[in-house]
Amino acid sequence: MRARPRGAAALLAGLCMVAGPAACGQAGGAHEPSGPASGGAVKIGVLLPDNTSRLYHFDKPLIEKKIHQLCPECTVETVSAEHDVATQQQQMDAMITKQVQVLILDAVDSKSLRAPVESARAAGIPVVAYDRLVEGPVSAYVSFNGEKVGRLNVLAVLK
């Protein structure tokens, strides 16, 4: 199916919208800028719900590849929550403490991660909600075209 590569491209478009200002310390947060403007590499945190689904095996390499194509000096840290909300909350807190410039979040549970998303905003770290919209002040939301995917599924079944 061709929707996934476009989804990864859309994610990177959203990432570019928020990564530029964040990397240069323009995101309005409380931490010191540590991106290219201050001589450090841009740090991007990718938080996935598990490491067994298509997200981990298909989307993760595409996301990392595209980030490195657009920003060779960027560092990407990808973590998996193993379907555990508390683990993902801790991972978000750790990324905020590490002062990543952007978080890409595919939430285990969209309601339970509101507080960490708010903490990221308070720290000046934009959050790109990926695949699932999470509650809280996200800077961008990227997902697939559900209507088109549904049509493609129906056509496949009819064939």
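Structure shown above.
Residues numbered from 1 in each chain as written. Predicted model: local features only at pLDDT ≥ 70, side-chain atom pairs only at ≥ 80, totals over all residues. Heavy atoms only, no water.

1. Overview of the pattern of salt bridges
Going through the model one piece at a time under the given rule, you end up with 5 salt bridges. Here Arg151 makes a salt bridge to Glu147, at a shortest N to O gap of 2.4 Å. Taken as a pair, Arg151 and Glu147 lie in helix H5 (residues 146–158) at a separation of 4 residues, close to a single helical turn. For Glu147, a relative accessible area of 53% translates into the label exposed. (Salt bridge = Lys/Arg side-chain N within 4 Å of Asp/Glu carboxyl O. Helix = DSSP H or I, 4+ residues; strand = E, 2+ residues; numbered from the N terminus. Buried < 20%, exposed > 50% of the residue type's maximum accessible area, 1.4 Å probe, protein only.)

2. A word on the pairing of strand S1 (residues 43–48)
Burial analysis of S1 places 5 of its 6 residues in the buried class, which makes it a mostly covered element. Across 6 bridges, the pairing between S1 and strand S2 (residues 75–80) is parallel. Bridge pairing in S2 places Leu48 opposite Ser80. Where S1 meets strand S3 (residues 102–105), 4 bridges bridge the pair, whose relative direction is parallel. Counted as the bridge partner of Leu47 is Leu105 from S3. (Pairing = 2+ DSSP bridges.)

3. A short note on the nonpolar core
Across soluble globular proteins, you tend to see nonpolar side chains buried next to one another. With 17 residues, the main nonpolar core has Leu47, Met92, Leu103, Leu105, Ile125 and Val134 as its most contacted residues. Elements supplying a minimum of two residues to this core: helix H3 (85–97), S3, helix H4 (114–122) and strand S4 (127–130). Top contributing element to this core by residue count: H3, with 3 residues. Each residue touching Met92, except ones within four places of it in the same chain, is listed here: Leu47, Leu103, Leu105, Leu113, Pro116 and Val117. (Core = buried A, V, L, I, M, F, W, Y, C linked by side-chain atoms within 4.5 Å. Contact = heavy atoms within 4.5 Å.)

4. Structural notes on the environment of Arg121
Position of Arg121 among the secondary structure elements: in helix H4. Each C-alpha atom of the pair Arg121 and Val138 lies 7.9 Å from the other, and the pair is 17 residues apart in sequence. Those residues in contact with Arg121 that sit more than four places away from it in its chain are Pro137, Val138 and Ser139. Separated by 3.2 Å, the side chain of Arg121 and the backbone oxygen of Pro137 make a polar contact. (Polar contact = N/O pair within 3.5 Å; in protein donor to acceptor, adjacent residues only side chain to side chain.)

5. Looking at unusual backbone geometry
The phi torsion at His83 lies on the positive side, around 65°, for a residue other than glycine. With respect to the helices and strands, the residue His83 is situated in the loop between S2 and H3.

6. Considering the pairing of S4
It is a general feature of regular strands that their side chains alternate between the two faces of the sheet. Neither face of S4 is exposed, since Val127 and Ala129 on one face and Val128 and Tyr130 on the opposite face are all buried. Bridge count between S3 and S4: 3 bridges; the pairing is parallel. Considered in S4, the bridge of Leu103 is made with Val127. With respect to chirality, the unit in which S3 leads through H4 into the neighbouring parallel S4 is right-handed. (Right-handed = clockwise from strand over helix to strand, strands pointing away.)

7. Some remarks on the side chain of Glu64
Along the chain, the position of Glu64 falls in helix H2 (residues 54–70). Beyond its immediate sequence surroundings of up to four residues, Glu64 is in contact with Val76 and Thr78.

8. Concerning the state of the cysteines
Scanning the model with the defined rule gives 1 disulfide in all. Two residues share a disulfide in this structure: Cys71 and Cys74, whose sulfurs sit 1.9 Å from each other. In this structure, the disulfide formed by Cys71 and Cys74 twists by about 85° around the S-S bond and is classed as right-handed. Like Cys74, Cys71 is buried. (Disulfide = S-S within 2.5 Å.)

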